Amino acid sequence: MIKYITVHCSATKEGKEFNSKHIDRWHKDRGFRKIGYHYVVLLDGTIEVGRFESEQGAHVKHYNKGNIGICYIGGLDENGNAKDTRTRAQKESLRLLLKDLKKRYKKAVIKGHRDFSPDLDGDGVIEEFEFIKQCPCFNAKKEYSNL
Ligand SMILES: [Zn+2]
């Protein structure tokens, strides 16, 4: 059962083009079997599939079961600080994708990665590859609460 739909950013700088193939490489370098997200939303709004929805993702430590992960490209300004860098096309695609997922997984709750506190389980482990405290660099829970 899908319990969560989690929005992430790629923690890459504004305007820099990356896609699911790059993320697949980064995640493999970290020892994952393949890209951990189910969907990636590119700067131009294109939605790429990372994992099938039937596959478990690898994107929120300790909360990967029943959790669909969506990552938009961006999330950092040119100095590397957290910023909502979503393009208009990305905003449109994110909304469409989330709407579609909510229609199919009615009980799923939409959250941003940062809404899963890394200290909930008290082990103090923070993922290095992501900006976990900020990711996805906007309030996804609030923005998509009406879907
Ligand atoms: Zn994240």
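Refer to the structure printed above.
Just so it is clear, the structure is predicted and the values come from calculations on it, not from any experiment.

1. Examining the packing of aromatic side chains
The geometry of two aromatic rings is summed up by the distance between their centres and the angle between their planes. Following the criterion strictly, the structure yields 5 aromatic pairs and no others. Taking 5.2 Å as the distance between ring centres and 65 degrees as the angle between the ring planes, the aromatic pair formed by phenylalanine 18 and tryptophan 26 counts as edge-to-face. We classify tryptophan 26 as partly exposed; its relative accessible area is 32%. A network of ring pairs unites the aromatic residues Tyr4, Tyr63 and Phe116 as a single cluster. A cation over an aromatic ring shows up here: arginine 86 above the ring of phenylalanine 138, its NZ or CZ 3.5 Å from the ring centre.

2. Observations regarding the nonpolar core
Within the largest apolar cluster, 20 residues are counted, with the highest numbers of intra-cluster contacts made by Ile5, Val7, Ile70, Tyr72, Leu98, Leu101 and Tyr144. Listing elements by their share of this core, those giving two or more residues are β1 (4-9), β3 (39-41), β5 (67-72) and α2 (88-104). Top element by residues in this core is α2. It accounts for 4 residues. Within the second largest apolar cluster, 8 residues are counted, among which are Val40, Leu42, Cys71 and Ile73.

3. Here we look at the environment of glutamate 53
Considering the arrangement of structural elements, one finds glutamate 53 in the loop between β4 (47-49) and β5. In this structure glutamate 53 comes out as buried when scored by relative accessible area, which is 16%. Linking glutamate 53 and glycine 69, residues 16 residues apart in sequence, is a C-alpha distance of 9.2 Å. Here the side chain of glutamate 53 touches arginine 104 through a polar contact of 2.7 Å, side chain to side chain. A distance of 2.6 Å separates a polar atom in the side chain of glutamate 53 from a polar atom in the side chain of tyrosine 105.

4. What about the environment of threonine 6?
In this fold, threonine 6 is placed in strand β1. Of the residues examined, threonine 6 reaches a relative accessible area of 0% and is grouped as buried. In sequence terms threonine 6 and arginine 114 are 108 residues apart; their C-alpha atoms lie 9.4 Å from each other. Those residues within four positions of threonine 6 in sequence are excluded, and the remaining contacts are His59, Val60, Asn67, Ile68, Gly69, Ile70, Lys111, Gly112, His113 and Phe116. Polar side-chain contacts of threonine 6 include one of 2.7 Å to the side chain of asparagine 67.

5. Concerning a positive patch on the surface
A cluster of basic residues, Arg95, Lys99, Lys103 and Lys106, forms a positive patch on the protein surface. Mapping lysine 99 onto the fold places it in helix α2. What makes lysine 99 exposed here is its relative accessible area of 52%.

6. Re the pattern of salt bridges
All told, the structure shown has 8 salt bridges when counted by the stated rule. Its salt-bridge partner being arginine 104, residue aspartate 100 comes within 2.9 Å of it at the nearest N-O pair. Separated by 4 residues within a single helix, aspartate 100 and arginine 104 lie in helix α2, roughly one turn from each other. Note on aspartate 100: relative accessible area 33%, which makes it partly exposed. Given the relative accessible area of 41%, arginine 104 is considered partly exposed.

Conventions we followed
- Residues numbered from 1 in each chain as written.
- Predicted model: local features only at pLDDT ≥ 70, side-chain atom pairs only at ≥ 80, totals over all residues.
- Heavy atoms only, no water.
- Phe/Tyr/Trp six-rings, centres within 6.5 Å; stacked < 30°, edge-to-face > 60°.
- Buried < 20%, exposed > 50% of the residue type's maximum accessible area, 1.4 Å probe, protein only.
- Lys NZ or Arg CZ within 6 Å of the ring centre and 35° of its normal.
- Core = buried A, V, L, I, M, F, W, Y, C linked by side-chain atoms within 4.5 Å.
- Helix = DSSP H or I, 4+ residues; strand = E, 2+ residues; numbered from the N terminus.
- Polar contact = N/O pair within 3.5 Å; in protein donor to acceptor, adjacent residues only side chain to side chain.
- Contact = heavy atoms within 4.5 Å.
- Patch = residues over 30% accessible without salt bridge, like charges linked within 9 Å, V, L, I, M, F, W, Y side chains within 5 Å.
- Areas by Shrake-Rupley, 256 points an atom, 1.4 Å probe, with all protein chains shown as cover.
- Salt bridge = Lys/Arg side-chain N within 4 Å of Asp/Glu carboxyl O.
- Lys, Arg positive; Asp, Glu negative; His and termini not counted.
- Charge placed at Lys NZ, Arg CZ, Asp CG, Glu CD.

Function cannot be read off these values alone, since they describe shape.
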